Every structure is written in structure tokens, then in C-alpha cells.
Amino acid sequence: MKKILSIISFIFLISSDSLALIEVDITRGNLDPLPIAVSPLHVDIKSEDFKGLKIKDLGMNISEIIEKNFRSTGLFNPLKKEAFVQKPDIAHLKPRFEDWRLIKAQALVTGKLLIKDEKLKVEFRLWDLTAAQEMTALAFTTTPSNWRRVAHIISDKIYERLTGEDGYFDTRIIYVAESGPKNERVKKLAIMDQDGFNTKYLTLGNELVLTPRFNPTNQMVTYMSYFRNMPRVYLLDIETGTQEVVGNFPGMTFAPRFSPDGKKIIMSFAKDGNSDIFTMDLETRVVERITEHSSIDTSPSFSPDGKFIAFNSDRSGLQQIYVMRSDGSNVKRITFGKGIYGTPVWSPRGDLIAFTKMHKGRFYIGVMRTDGKGERLLTENYYQEAPSWSPNGRVLVFYRETKAGEKGEGFSAKLWSIDITGYNERKLSTKTDASDPSWSSLLSK
Amino acid sequence: MTLKTNLKNIVLVIFTTLILSACSTAKKSGDIDGDVYTGKETVEYLASGVPDRVFFATNKSSLTTSSRATLRKQATFLRKNKNLNVTIEGHADERGTREYNLALGERRANAARDYLMTYGISGKRISVISYGKEKPVNPKSSPISWSQNRRSVTVKVN
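Residues numbered from 1 in each chain as written. Chains lettered and ligands numbered in written order. Predicted model: local features only at pLDDT ≥ 70, side-chain atom pairs only at ≥ 80, totals over all residues.

Asks: Hey, could you run me through the interface of chain B and chain A in this one?
Replies: Frequently, the measure chosen for interface size is the accessible area that the parts lose on association. Taken together, the 22 residues of chain B in the interface contact 35 residues of chain A. When residues of the side of chain B that touches chain A are traced back to their parent elements, those giving at least two are helix 3 (98-118) and strand 7 (126-132) of chain B. Looking at the side of chain B that touches chain A, the element that brings in the most residues is helix 3 of chain B, giving 10 residues. Across the side of chain B that touches chain A, the residue classes break down as nine nonpolar, five polar and eight charged. (Contact = placed C-beta atoms within 7 Å. Helix = DSSP H or I, 4+ residues; strand = E, 2+ residues; numbered from the N terminus. Nonpolar A, V, L, I, M, F, W, Y, C, P; charged D, E, K, R; others polar.)

Right, dumping it as C-alpha cells:
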């Protein structure tokens with residue numbers, strides 16, 4: 001009986017347009033992004049000033065960050081504020097839906113904020129203008145200096161409500177900041193908010209550093225460093241700044257990543273011309289050999305359930321992608337297409353593997369199912385590699401390099417992102433040249 | 001029929017011209033065999049007549065005849081200078097993924113090390129380090145500079 005009831009109500013919902021709440025389909029390229037109005041948040045006049053922060057501007061600033069986040073998804077079209085028809089405080093109480101519909105908005109975000117007792121109190125509402133009702137509302141309190149994060153968290157909540165999937169705005173990206181001529185590149189670890197703000201450098205650039213990757217809680221980073229000319233995998237605690245070499249290997253270790261539970265680091269160890277894959281348990285320090293083959297085995301990446309490992313090997317002659325059980329058994333080659341394949345990275349949803357493909361002098365970023373079938377190439381260029389997944393598995397960030405002239409001029413390295421639909425390719429804003437990006441998980445989860 | 005033969009001849013002529021011009025450009029732009037660099041442009045010397053580096057084909061770590069000749073000269077030089085230790089740096093070109101290139105550089109450096117050892121140089125005197133594609137000797141994006149960057153370089157330590 002209950003079942004019948006729910007079926008009836010479901011039919012009722014989809015047959016009645018006016019009552020169906022808006023929804024954004026993110027599983028395909030969106031050529032018709034949802035028009036959304038983001039009203040400036042109303043700032044309470046009683047708000048006290050706070051340590052040089054212009055509280056009066058915060059309402060506008062937060063709404064602009066939300067707009068920028070939305071625009072970057074390619075799924076939403078934030079409307080120009082000049083056309084807005086209601087004051088923020090009145091709209092936040094209850095918008096006049098028909099007025100907002102006149103400017104062709106389908107969704108509206110309103111909010112207000114207040115600083116009291118050195119705390120920033122924010123609330124926001126998301127309105128469905130077609131159905132003329134509130135879709136979601138939330139209030140929270142934080143330290144005022146966190147105001148950019150507030151904007152990202154609101155963006156995530158709205159994205160979640162409209163797409164049915166987790167957002168990815170309250171996240172950070174760790175990468176390698178690059179400067180200097182191509183043959184004497186200075187490289188530093190850098191971390192920034194997903195939208196390019198709050199850049200911090202974690203190393204000074206005295207030694208070469210490569211391939212930083214977050215642990216699942218985003219507090220630790222594993223990366224490779226040439227400290228004292230000994231290329232080794234390191235572990236860095238972002239909060240305390242302490243770092244240590246991972247393991248005691250008599251040779252180069254590289255290509256590190258965390259296991260999905262964060263307890264192990266998986267990496268390659270090279271000795272006597274042969275690279276194999278090892279793990280080290282961070283608590284017990286036990287080192288385990290995972291592959292034993294005379295070929296190069298590298299770029300290992302765990303599946304999110306920890307049961308499988310995708311990796312790169314040239315055991316067939318050239319670089320291809322293989323999948324094995326996490327104990328190293330049952331090795332299967334999964335790439336058989338034209339060209340050579342590298343840098344497999346398992347999607348956080350578990351359904352896809354992202355990779356770099358090289359074919360006829362061009363470089364591609366693509367995705368395929370975990371059995372190697374259903375290959376889709378998302379972007380082609382002169383040089384690009386190292387995809388890293390957004391936490392919801394919908395977007396990839398990677399780096400791209402340009403061709404260099406006689407003396408290395410014209411060379412640059414930048415971070416780019418693209419949806420796994422193949423649409424919405426974007427250059428990320430970084431303070432310097434950048435490579436080897438790694439996307440964090442949601443900070444507020 | 002005659003038209004076909006004629007066309008064939010034309011194609012053949014064009015083809016031969018292409019090959020000839022390709023040869024002349026390769027020579028002009030500085031010595032490359034297959035895609036292994038054979039020139040002297042970036043080469044430095046451990047001692048007079050002892051080149052410090054050997055070059056590799058794309059994605060390969062096998063030593064060519066001329067690489068082996070160079071390494072035998074290095075071996076002779078190292079036998080004469082018994083107190084000298086060396087590091088062999090392995091490098092790759094920029095046309096490959098970073099992590100794979102680190103492994104490839106290590107394999108190339110070890111190919112050179114193994115060869116020196118077969119000529120009687122103790123492995124204790126030879127350390128290796130891979131820089132992958134991180135330290136190109138020629139920053140240009142061109143086949144010639146890539147061939148110069150696919151190298152192992154023997155460097156004196158003391």
C-alpha cells in the first residue's frame with residue numbers, strides 16, 4: 001500500500017510542471033545552463049567592524065564568489081545584478097516570484113549576515129522561482145576571516161540541492177608552483193583554494209619537488225623531493241610543517257599516493273634499472289612489495305574501496321595501464337587502444353579511471369571504465385598529463401605545457417580543468433606557472 | 001594503364017625527393033640516427049677524448065654501438081684514475097609522463113653503469129640518479145633537442 005502511494009505521488013510530481021522542483025542534469029554537457037540570480041547577502045547594520053574586514057562589502061563579495069563558482073561549472077548562468085528587482089533583505093524574507101521570473105531567473109539565492117561577538121553569522125535561502133517555493137535554507141556561524149569559505153560552503157549546498165550530487169567548491173588544490181627558465185626550473189609546493197585564492201607555499205624552492213597528493217583528510221601530503229640530491233618520497237603534515245622520508249629505501253622512491261583509508265602510502269621504488277610498486281604502512285612502518293617484474297611499474301592508484309590498484313607498466317614493451325588486486329595478484333592489462341597510456345587515477349566514485357594518452361605526438365586526457373572499456377578522450381593538446389579528480393568525480397584538473405622556442409622561450413605550464421562530459425574546459429588561475437595538481441576532498445565533510 | 005604507371009613514377013620521384021631532403025635536413029640540424037642523437041653539440045668531456053654522455057632512442061634504454069664506444073673510453077679513463085668516483089645522471093625528454101620518465105631515467109643511468117661494470121669498474125665507484133625530464137640540457141621543443149635530452153651523463157664526484 002505504501003509503495004502504491006509513493007508511486008502515485010511520484011507520478012503526480014512529474015506530471016505537474018508547476019510543482020516539479022528544478023533540477024540540473026550534470027551527466028551530460030549542458031548547453032542550456034540554468035539562469036540563477038544570486039542576490040547580495042543583506043548586511044545587518046548593527047554589524048561591528050572586525051579587524052580590518054570591510055563587513056559592509058561582505059554581502060556583495062560572498063554573492064560574487066558564489067556566482068563565480070556557479071559559472072565555473074558550466075551548469076549555471078548567474079544573471080547580472082543590475083537587473084535585480086528586489087532589495088536583498090526583502091527578497092530574503094519572501095521574494096516576489098513573478099518579478100524575478102520577469103528577468104528569466106529560475107532560481108534565486110538570498111541571504112543575510114551579521115557580525116556579533118566577533119562571530120560571523122550567515123544564513124541563506126535557495127528559492128525555486130517557477131514553483132514559487134523555498135528549496136533549502138541554512139544558517140551557520142564561524143570566524144569572520146573564514147568568509148570566503150562561507151561562500152564556498154553555500155555554493156556547495158546549492159549545487160547539492162540542484163544537482164543531487166556533492167559539490168566541490170569548499171576544497172583546495174595542492175600543486176607544484178614553477179618559475180624560472182625551463183632548464184633551471186625552481187619548483188615549490190603550493191596550496192590554494194579551488195578558485196585560486198589563499199595561495200600558500202609549503203617549500204622554499206631550494207630543492208626539486210614533484211607530485212604532491214593529499215591524504216583523505218587533507219591534513220597530510222605525500223610528495224617527492226630531491227632534498228640533499230636523494231630523490232625520495234616524503235610525508236608532510238600541512239598543519240605542523242613537519243616532514244619525513246617515507247621508508248628506508250636504498251634508492252629512488254617516487255609516484256606516491258595514499259591508500260583510501262589514509263593508512264598506507266603506495267609508491268614506486270627504483271633499483272638497478274627496475275621500478276616496482278611497494279606500500280608502506282604509516283603506523284607499523286611495514287613495507288610490502290606489490291609488484292615484481294623486470295619492467296617499469298609505476299603511477300599506482302588505489303580504487304576507492306581499497307581492493308584494487310591501477311598502475312602503469314611497460315611490460316608489454318610500451319607504457320600501458322594495468323589493474324591488479326591490492327595484494328598484487330591477478331594483474332590484467334586494460335588498455336589496448338592505439339597509442340601509449342600513463343597516469344591512471346581511480347575516480348572517487350569508483351566507476352572510472354582517468355588517464356593520460358600519447359598518440360602520434362599528441363597528448364590526451366581521458367576516462368575509461370575500470371575494465372578499460374568505454375574509453376572517452378576529453379581533451380587533446382601538445383602536452384598535458386596528471387589528471388586529478390574533483391571529490392564528486394565530475395571534474396578533472398590536470399596540467400598543460402606549451403611548446404618552447406630556441407632558448408626555451410614561450411614555455412609555460414598551467415592548471416586546467418574539464419568536466420568528464422568533455423565540456424567546460426577552463427584554465428585555473430594560479431599565481432605562478434603550475435603543474436602536478438591534486439584536488440582535496442570536501443573540507444567541511 | 002600508362003596513366004597509372006606514370007602516376008606511380010611521379011609518386012616515386014616525389015617520395016625519393018622527400019627522403020633526400022629529409023636526409024639533408026637531418027644532417028644540417030645536427031646528426032641524428034633513427035632518433036638517437038649522434039652529434040657533439042651538448043657533449044662535455046671527462047678528459048680529452050672522453051665524452052661525458054651517451055644518448056638514447058625514445059622510450060629506450062639500450063646502448064647503441066657508439067654509446068658503448070663512449071662508455072669504454074670512460075671505463076679506460078676510470079681505470080687510470082682509481083680514486084675517482086662518478087655519478088651517472090639519467091634523463092628523459094619532455095614527451096612523456098613525469099613519473100614514467102623518472103623510472104626511465106633510472107633505467108638509462110643503470111644501463112650505462114652496468115656497461116662500465118662489465119669493463120671492470122667497481123659498482124661502488126658509480127652511483128646513479130634519475131632526473132626524469134626535470135633537467136633538460138636543451139630547452140627547445142624540437143626532435144633534435146629531445147634527442148639531446150634523452151641521455152645519461154657521467155659526472156665526477158670527487
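Asks: Teacher, can you tell me more about unusual backbone geometry here?
Replies: Residues and elements named next belong to chain A. Residue Asp-272 is not a glycine yet carries a positive backbone phi of 50°. In this fold, Asp-272 is placed in the loop between strand 15 (264-271) and strand 16 (274-281). A residue is classified by how many C-beta atoms lie within 10 Å of it, and Asp-272, with 12 of them, is exposed. Unlike most non-glycine residues, Arg-285 shows phi in positive territory, near 65°. Along the polypeptide, Arg-285 turns up in the loop between strand 16 and strand 17 (287-289). Classification of Arg-285 as exposed rests on a count of 10 C-beta atoms within 10 Å. (Buried ≥ 20, exposed ≤ 12 C-beta atoms within 10 Å, placed from the backbone.)

Asks: Could you clarify how one ought to interpret helix 3 of chain B in this entry?
Replies: Turn by turn, an α-helix covers 3.6 residues, leaving residues three or four places apart pointing in a common direction. Residues and elements named next belong to chain B. Compared with an ideal rise of 1.5 Å per residue, which puts 21 residues at 30 Å, helix 3 spans 31 Å between its outermost C-alpha atoms and is within 8% of the ideal. Within helix 3, 18 of the 21 residues are buried, which leaves it mostly tucked inside the rest of the structure. Residue Gly-120 follows helix 3 closely and has a positive phi angle near 90°. (Expected span 1.5 Å × (residues − 1).)

Asks: Whenever I open this one, the domain arrangement of chain A confuses me. Can you help?
Replies: Residue and element names in this part refer to chain A. Each assigned domain of chain A is listed here: domain 1 (33-163) and domain 2 (172-439). The distance between the C-alpha centroids of domain 1 and domain 2 comes to 36 Å. Each side of the interface is counted separately: domain 1 has five residues, and domain 2 has seven residues. Among the elements that line the side of domain 1 that touches domain 2, the one with the most residues is helix 2 (residues 55-73), at three residues. In the side of domain 1 that touches domain 2, the residues fall into no nonpolar, three polar and two charged. (Domains from an automatic or database assignment.)

Asks: How should the environment of A:Val186 be read in this particular structure?
Replies: As for its placement among the helices and strands, A:Val186 is situated in strand 8 (residues 186-193). C-alpha separation for the pair A:Val186 and A:Leu204, spaced 18 residues apart in sequence, amounts to 9.3 Å.

Asks: Looking at this structure, I do not really get the nonpolar core. What am I missing?
Replies: Taken as a class, soluble globular proteins show a tendency for nonpolar side chains to be buried jointly. Residue and element names in this part refer to chain A. Counting residues in hydrophobic clusters, the biggest one holds 81 residues, and the most contacted among them are Tyr-175, Tyr-223, Ile-265, Met-267, Ile-353, Ala-354 and Leu-396. For Tyr-223, the contacting residues outside a window of four places in its chain are Leu-189, Val-209, Leu-210, Thr-211, Pro-212, Arg-213, Tyr-234, Leu-236 and Pro-256. Ile-36, Ala-105, Leu-120 and Ile-158 belong to the second largest nonpolar core, which has 35 residues in total. (Core = buried A, V, L, I, M, F, W, Y, C linked by C-beta atoms within 7 Å.)

Asks: What should I look at first to understand the packing of helix 2 of chain A against helix 5 (residues 147-163) of chain A in this one?
Replies: Residues and elements named next belong to chain A. It is the contact of helix 2 with helix 5, at a shortest axis distance of 9 Å, that shows an interaxial angle of 45°. For the element pair helix 2 / helix 5, the angle class is oblique. Pair helix 2 / helix 5 crosses with right-handed handedness. Contacts between helix 2 and helix 5 involve Leu-58, Ile-62, Ile-65, Ile-66, Asn-69 and Phe-70 on the former and, on the latter, Trp-147, Arg-148, Val-150, Ala-151, His-152, Ile-154 and Ser-155. Grouping the amino acids of the contact of helix 2 with helix 5 by side-chain chemistry returns nine nonpolar, three polar and one charged. (Axes fitted to C-alpha atoms, helices over the stretch in contact; angles between N-to-C directions. Parallel < 35°, antiparallel > 145°, perpendicular 65-115°, else oblique. Left-handed = near helix turned anticlockwise from the far one by under 90°.)

Asks: I keep staring at the packing of helix 2 (residues 65-80) of chain B against helix 3 of chain B and nothing clicks. Help me out?
Replies: How two helices pack is summed up by the angle between their axes together with the distance between the axes. Residue and element names in this part refer to chain B. It is at 9 Å that the axes of helix 2 and helix 3 come closest, and there the two elements cross at 55°. In terms of their interaxial angle, helix 2 and helix 3 are classed as oblique. Once helix 2 is placed against helix 3, the crossing between them reads as right-handed. On helix 3, the residues touching Arg-68, Leu-71, Gln-74, Ala-75 and Leu-78 of helix 2 are Ala-112, Tyr-115 and Leu-116. Grouping the amino acids of the contact of helix 2 with helix 3 by side-chain chemistry returns six nonpolar, one polar and one charged.

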